[in-house]
Amino acid sequence: MTSKKSVGRRRFVKLCASTAAAVAAYPDSLVGAVNHGEFYEKVQLHDDENNPLRASALQPDKNYLFFYPFISTPCFLIRLNKPVQREVNLSTRDGSSYSWPGGVGPGQQIVSFSAICAHKMSHPSVQVSFINYRPEEVQFAGNDNRFHRRSNVIYCCSEGSVYDPADGARVLGGPAPQPLAAILLEHDPRTDALFAVGVAGQSMFDSYFKTFEHRLELEFKTQNITEAARGSARVIELESFCARQILC
Ligand code: FES
């Protein structure tokens, strides 16, 4: 019998297994920039009224959320308050290296990451989110065992993992063993449209589906929680999805 997960996974294209097809479908620059990335369905981001989202309409430093590459996997969408114009080299828990291509859109300020914490998978649910983008200054214990104060981080208050969204979601502190998986975006400068096209780094999707299966089925009102996002994905403000954000 085919599992629900394998049905969902059949829909994406592993870059390493199908480079020729990926190169045909996506820009050379993007394919060249992504090592160990996976291309999924190309999905256009829509606003909360389900019209194509204009990248320039995103407000800087706001927590936006959409679901990709599956209908139940949350991602942060953030327009940072500064450009991120550089490629960043990162590595996963198992030592695989990959590169994150930086920001896209106006001023190259727009970035996106899986909102599933790389430690124990805390993520935004309808009831609560312990993991949030924090534009204000916060304090945290860094990997150098010192306390730091800085702004513009993604902070998981479950056990204190902190990630830098301007540096590919590199871990700044806490127990997370690897960066948040990066969501690969494309921007069309002619129409100002934004698209999600893939994931770089090590995603937590398999464990997430196994661990939270029953709750996700209730929350998303479907037994097919591994269904691929298709066509479009609606971008909403995190606070309109979660009843409560835990800020530490
Ligand atoms: S789940 Fe995020 S720090 Fe533990």
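Predicted model, so just to flag it, every value in this text is computed and none were measured. (Residues numbered from 1 in each chain as written. Predicted model: local features only at pLDDT ≥ 70, side-chain atom pairs only at ≥ 80, totals over all residues.)

**Looking at the overall build of the protein**
For step 1, the next point in the chain: In terms of regular secondary structure, the protein is built from five helices and 19 strands.
For step 2, the next point in the chain: The 248 residues of the protein split such that 42% are buried. (Helix = DSSP H or I, 4+ residues; strand = E, 2+ residues; numbered from the N terminus. Buried ≥ 20, exposed ≤ 12 C-beta atoms within 10 Å, placed from the backbone.)

**Examining the confidence of the model for the protein**
For step 1, the next point in the chain: In this model, the protein carries a mean pLDDT of 87, and residues with pLDDT of at least 70 account for 85%.
For step 2, the next point in the chain: A low-confidence stretch, residues 1-35 (pLDDT under 50), is modelled with 48 contacts involving residues beyond four sequence positions or located in other chains. (pLDDT = per-residue confidence, 0-100. Contact = placed C-beta atoms within 7 Å.)

**Describing the nonpolar core**
For step 1, the next point in the chain: In this structure, C75, F113 and I154 are the most contacted members of the largest nonpolar core, which totals 64 residues.
For step 2, the next point in the chain: The leading source of residues in this core is strand 16 (residues 193-200), at five residues.
For step 3, the next point in the chain: Ignoring any residue separated from it by four or fewer positions in sequence, one finds C75 in contact with L65, F66, F67, Y68, S112, F113, S114, A115 and I183. (Core = buried A, V, L, I, M, F, W, Y, C linked by C-beta atoms within 7 Å.)

**Things to note about helix 4 (residues 205-219)**
An α-helix turns once per 3.6 residues; consequently, residues spaced three or four apart project the same way.
For step 1, the next point in the chain: Taking 1.5 Å of rise per residue, the 15 residues of helix 4 would be expected to cover 21 Å, yet its terminal C-alpha atoms sit only 17 Å apart, more than 12% below that figure.
For step 2, the next point in the chain: Along helix 4, the sharpest change in direction is near 80° and occurs at E213.
For step 3, the next point in the chain: All buried positions along helix 4 are accounted for by F205, Y208 and L216.
For step 4, the next point in the chain: Looking one or two places after helix 4, you find K221, whose phi comes out positive at around 55°. (Expected span 1.5 Å × (residues − 1). Bend = angle between axes of the 7 residues up to and from the residue.)

**Describing the sheet that holds strand 12 (residues 153-156)**
For step 1, the next point in the chain: Strand order across the open sheet formed by four strands is 9-12-13-14, with antiparallel pairing between neighbours. Taken across any chain shown, the strands that pair with only one partner, and hence form the sheet edges, are strand 9 (131-134) and strand 14 (170-173). Neighbour to neighbour, the strand axes of the sheet diverge by 30° on average, direction disregarded.
For step 2, the next point in the chain: As paired strands, strand 12 and strand 13 (residues 161-164) are joined by three bridges and run antiparallel to one another. Bridge pairing links Y155 to V162 in strand 13. (Pairing = 2+ DSSP bridges. Axes fitted to C-alpha atoms, helices over the stretch in contact; angles between N-to-C directions.)

**Quick look at the pairing of strand 10 (residues 138-141)**
For step 1, the next point in the chain: Sheet topology note: the strand 10/strand 11 (residues 147-150) ladder contains four bridges and is antiparallel. If you follow F140 over to strand 11, its bridge partner there is H148.
For step 2, the next point in the chain: Between strand 10 and strand 11, which follow one another and run antiparallel, lie five residues, and N145 among them has a positive phi close to 65°.

**Topic: the pairing of strand 14**
A regular strand places its side chains on the two faces of the sheet in alternate fashion.
For step 1, the next point in the chain: Of the strand pairs in this sheet, strand 13 and strand 14 are connected by three bridges, and their pairing is antiparallel. Across the sheet, the residue bridging to D164 is R170, located in strand 14.
For step 2, the next point in the chain: Counting the residues in the hairpin turn of strand 13 and strand 14 gives five residues, including G168, whose phi is positive at 70°.

**Some details on the environment of M121**
For step 1, the next point in the chain: The residue M121 is located in the loop between strand 7 (110-114) and strand 8 (128-129) in this model.
For step 2, the next point in the chain: Overall, M121 belongs to the partly exposed group, with 17 C-beta atoms counted inside 10 Å.
For step 3, the next point in the chain: Note: C-alpha distance between M121 and S207 (86 residues apart in sequence) is 8.4 Å.
For step 4, the next point in the chain: In this view, M121 contacts I116, M204, S207, Y208 and T211; residues no more than four positions away in its chain are not counted.

**What to know about the environment of E186**
For step 1, the next point in the chain: You can see E186 is positioned in strand 15 (residues 182-188).
For step 2, the next point in the chain: Classification of E186 by C-beta neighbours within 10 Å gives partly exposed; the count is 17.
For step 3, the next point in the chain: Considered as a pair, E186 and G198 are twelve residues apart in the sequence and their alpha carbons are 9.7 Å apart.

**Re the environment of I246**
For step 1, the next point in the chain: By secondary structure assignment, the location of I246 is in the segment after strand 19 (244-245).
For step 2, the next point in the chain: Residues I246 and S158, spaced 88 residues apart in sequence, show a C-alpha to C-alpha distance of 8.9 Å.
For step 3, the next point in the chain: I246 has contacts with V128, S129, F130 and C157, leaving out every residue within four places of it along the chain.

**Here's the deal with unusual backbone geometry**
Generally, phi is negative for residues other than glycine and the peptide bonds are trans, each holding for most cases.
For step 1, the next point in the chain: Looking along the chain, the bond that leaves Y68 and enters P69 is cis, with omega of -5°.
For step 2, the next point in the chain: Turning to its location among the elements, P69 is positioned in the loop between strand 3 (64-67) and strand 4 (74-79).
For step 3, the next point in the chain: In this structure, Q108 is a non-glycine residue whose phi angle is positive, near 50°.
For step 4, the next point in the chain: Mapped onto the secondary structure, Q108 falls in the loop between strand 6 (97-100) and strand 7.
For step 5, the next point in the chain: Of note in the backbone geometry, K221 takes a positive phi value of approximately 55° without being a glycine.
For step 6, the next point in the chain: In this fold, K221 is placed in the loop between helix 4 and strand 17 (232-234).

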